[in-house]
Amino acid sequence: MESKQFWITEKFISIDDVVKNVVRPEAGAINTFIGTVREFTKGKRTLYLKYDAYVPMAEKKLAQIGDEIRGKWPEARCSIAHRIGELSISDIAVVIAVSTPHRADSYDASRYAIERIKEIVPIWKKEHWEDGEQWIGDQLESKAYPSGHPEQEDL
Amino acid sequence: MESKQFWITEKFISIDDVVKNVVRPEAGAINTFIGTVREFTKGKRTLYLKYDAYVPMAEKKLAQIGDEIRGKWPEARCSIAHRIGELSISDIAVVIAVSTPHRADSYDASRYAIERIKEIVPIWKKEHWEDGEQWIGDQLESKAYPSGHPEQEDL
Amino acid sequence: MVKVLLFAQFQEAAGTESVDVDAVGQPVSHVKSVLKENYGLLDLDNATVAVNQEYTDMDTELKEGDTVAFIPPVSGG
Amino acid sequence: MVKVLLFAQFQEAAGTESVDVDAVGQPVSHVKSVLKENYGLLDLDNATVAVNQEYTDMDTELKEGDTVAFIPPVSGG
């Protein structure tokens, strides 16, 4: 068992380990988001992935996301684990768990966490395809950075 | 291991058992919603709960929710387990898992599933407090039925 | 005969999980009246009804062997 | 000296995880120029920068013992 609430690991992440960090009598709802390695992206087949991270800063930024969530949803509790190293198709890359008294907040806070991970946590993904490999940049899908990088207020 | 995709059970529900029903190479995102027994509701302390269900119809309605999700999000896959019988504080009552290629749909479809459970699945909760007990009615929180029950188009 | 299933508060109030009612050719509303009279289940007006595990309405005409269930407001999840 | 950490594509391009740069009293932008010149890391313009594990900007003046990290666009999750 991991004793941390926010951690980067090279090992398999158990969903239960993350969820049990947020179970408590005050909570009636737990939302989890699990990111897995997808085989096809825009028709291109991924063989495997490699994740790299600036580990101490990444754990600090995951904890910051937890603090931000407490600021926005005071009754929410959050735990996040992200795996690094080599991952195969369908392997779990990230698990977010958020518990709240009522369900709507658990969805909103969980969604907030994954979006923030994609904005501020120093983790990088390298896709390995049949015909090559590439470090993947910003995958926010929802936001463009006109300056090519996050603005100060996003960090 | 349960072989069903949608089931009612008197036994402890493992989150992993539900999640593994929806893991697949096409999915990059899995959202789960876990409903747990909350100790306090509006200041009143719950000692334990009892869930009753019309089991065969409830499983059919859970599967119907899965079909509705496939109709709205063709690439989504869904699995739902709901526990019945006596549950203690923090016990898991329901686990929903939805996998989709991209994350936004996993949140939306998971949210849809829990709202539909609270509309159409014949499961009933009896709260046991220090000073009494009561079968709890509609807890949609988001919707009032002017006629006192769901309209035909909701069922 | 049709089989009538009772759940939750209706089951407790009636003291039974199911009753058989002679209601073939009658609408569901007839079964409701019988239950109100014989078991004092006045809250049935807050229930929806399912025949053979599908939601329907009080006008549905019942056939031999049908299973009717009165569904109190649900509270799963 | 300040310690400069390189990750992902920068680490591969430079062939090293970290370099020490004599940049005390200089802004971060000075370190960037040094890396561009000595390691050909032209993509550094797409990176954000962290000093001692906190995001900052290119104008930040460096002190002895600072750790500078150039953060390529992130892609966790």
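Quick notes on the rules
- Residue indices begin from 1 for each chain and proceed along its sequence in written order.
- To label them, take the chains in the order written and letter them from A, then take the ligands in the order written and number them from 1.
- Residues qualify for local features only when their pLDDT is at least 70, as the model is predicted, and side-chain atom pairs are given and counted only at 80 or more; totals for whole chains, interfaces and linings, by contrast, use all residues.
- Hydrogen atoms and water are omitted, and side-chain values are computed over all heavy atoms in the structure.
- UniProt positions are given in the numbering used here, feature names are shortened, and annotations may be inferred rather than shown by experiment.
- For Phe, Tyr and Trp, where Trp contributes only its six-membered ring, two rings pair if their centres lie within 6.5 Å, and the inter-plane angle classes them as stacked under 30 degrees, edge-to-face over 60, or tilted in between.
- In this text, helices come from DSSP runs of H or I with a minimum length of four residues, and strands from runs of E with a minimum of two, each type numbered from the N-terminal end.
- Each residue is placed in one exposure class: buried if its accessible area under a 1.4 Å probe, protein chains only, is under 20% of its type's maximum, exposed if it is over 50%, and partly exposed if it falls in between.
- Contacts are residue-level and defined by heavy atoms, with any inter-residue pair within 4.5 Å sufficient.
- The term buried area refers to how much accessible surface (probe radius 1.4 Å) is lost by two components on association, counted for both of them together.
- Here a salt bridge means any side-chain nitrogen of Lys or Arg lying within 4 Å of a carboxyl oxygen belonging to Asp or Glu.
- For the purposes of these results, a polar contact is taken to be a pair of N or O atoms within 3.5 Å, where, inside protein, one atom must be able to donate a hydrogen and its partner to accept one; residues adjacent in sequence count only when each atom of the pair is a side-chain atom.
- Side-chain classes are defined by residue name, with Ala, Val, Leu, Ile, Met, Phe, Trp, Tyr, Cys and Pro counting as nonpolar, Asp, Glu, Lys and Arg as charged, and the others, Gly among them, as polar.
- Every axis corresponds to a line fitted to the C-alpha atoms, with the helix fit spanning only the stretch in contact, and the corresponding angles, defined between N-to-C directions, vary from 0 to 180 degrees.
- Here roughly perpendicular refers to angles of 65 to 115 degrees, roughly parallel to angles under 35, roughly antiparallel to angles over 145, and oblique to all remaining angles.
- Strand pairing is assigned whenever DSSP identifies at least 2 bridges connecting the two strands.
- Each residue after the first adds 1.5 Å to the expected span of a helix.
- This arc is built from the directions going out from the helix axis to the C-beta atoms.

Within an unreviewed UniProt entry, the label attached to chain C reads Molybdopterin synthase sulfur carrier subunit, and the organism entered is Pontibacillus marinus BH030004 = DSM 16465. Here chain C is described in UniProt, under the heading Sequence similarities (unreviewed entry), as follows: "Belongs to the MoaD family."

You'll find chain A entered in an unreviewed UniProt entry as Molybdopterin synthase catalytic subunit, with Pontibacillus marinus BH030004 = DSM 16465 given as the organism. For chain A, the Pathway (unreviewed entry) comment in UniProt is given as "Cofactor biosynthesis; molybdopterin biosynthesis."

Focus: the packing of aromatic side chains
Counting across every chain of the model gives 8 aromatic pairs over all chains. Relative to Tyr112(A), the ring of Trp73(A) lies with its centre 5.7 Å away and its plane at 65°, an arrangement referred to as edge-to-face. Remark: Tyr112(A) occurs in helix α3 (residues 103-120) and Trp73(A) occurs in the loop between α2 (55-72) and β5 (77-83); sequence separation between them is 39 residues. Each member of the pair Trp73(A) and Tyr112(A) is classed as buried. Judged by centre distance (5.0 Å) and plane angle (20°), the rings of Trp124(A) and Phe7(D) are stacked. Of this pair, Trp124(A) sits in strand β8 (residues 123-129) while Phe7(D) sits in the loop between β1 (2-5) and α1 (8-14), which puts the two residues in different chains.

Observations regarding the interface of chain A and chain B
Chain A puts 36 residues into the contact, and the matching count from chain B is 36 residues. The contact between chain A and chain B buries some 3,000 Å² in all, and 48% of this surface belongs to carbon and sulfur atoms. Of all residues in chain A, Arg38(A), Arg103(A) and Tyr107(A) give up the largest surface area on contact with chain B, accounting jointly for 26% of the area buried on that side. Glu115(B) serves as the salt-bridge partner of Arg103(A), at 2.9 Å between the closest nitrogen and oxygen. Along the contact surface separating chain A from chain B lie 21 residue pairs in polar contact (both at pLDDT 80 or more). When residues of the side of chain A that touches chain B are traced back to their parent elements, those giving at least two are α1 (15-19), β2 (29-36) and α3 of chain A. Tallying contributions element by element places α3(A) first for the side of chain A that touches chain B, with 9 residues. The residue inventory of the side of chain A that touches chain B, partitioned by class, reads 16 nonpolar, 10 polar and 10 charged.

A word on the packing of α3(A) against helix α3 (residues 103-120) of chain B
Two elements in contact, α3(A) and α3(B), have axes separated by 11 Å at closest approach and are oriented at 175°. Here α3(A) lies roughly antiparallel to α3(B), going by the angle between them. Of α3(B), the residues touching α3(A) (which contributes Arg103(A), Ala104(A), Tyr107(A), Ser110(A), Arg111(A), Ile114(A), Glu115(A) and Lys118(A)) are Arg103(B), Ala104(B), Tyr107(B), Ser110(B), Arg111(B), Ile114(B), Glu115(B) and Lys118(B). Residues that form the contact of α3(A) with α3(B) fall into these classes: 6 nonpolar, 2 polar and 8 charged.

Side note on the sheet that holds strand β1 (residues 2-5) of chain C
Taken together, the 5 strands give an open sheet; going across it, the order is β2-β1-β5-β3-β4 (chain C), and neighbouring strands pair in mixed fashion. Of all strands in the sheet, those bounded by a partner on one side alone are β2 (18-21) and β4 (54-56) of chain C. This sheet shows a mean twist of 30° between the axes of neighbouring strands, independent of strand direction. When β1(C) meets strand β5 (residues 67-71) of chain C, the two strands line up parallel, connected through 3 bridges. Looking across to β5(C), one finds that Leu5(C) is bridged to Ala69(C). Strand contacts of helix α2 (residues 55-72) of chain B: β3 (48-51), β4 and β5 of chain C, with the helix running at about 90° to β4(C), the strand carrying the most contacts. Strand contacts of helix α2 (residues 28-39) of chain C: β1, β2, β3 and β5 of chain C, with the helix running at about 65° to β5(C), the strand carrying the most contacts.

Topic: helix α2 (residues 28-39) of chain D
Residue and element names in this part refer to chain D. A rise of 1.5 Å per residue sets the reference length of α2, with its 12 residues, at 16 Å; its end C-alpha atoms lie 16 Å apart and thus fit the reference within 8%. For α2, every residue scored as buried is listed here: Val28, Val31, Lys32 and Leu35. For α2, the arc enclosing every buried residue in end-on projection is 105°, short of the 170-degree limit, so these residues lie on one face. Exposed and oriented more than 90 degrees from the buried face of α2 are Glu37 and Asn38. Elements in contact with the buried residues of α2: β1, β2 (18-21), β3 (48-51) and β5 (67-71).

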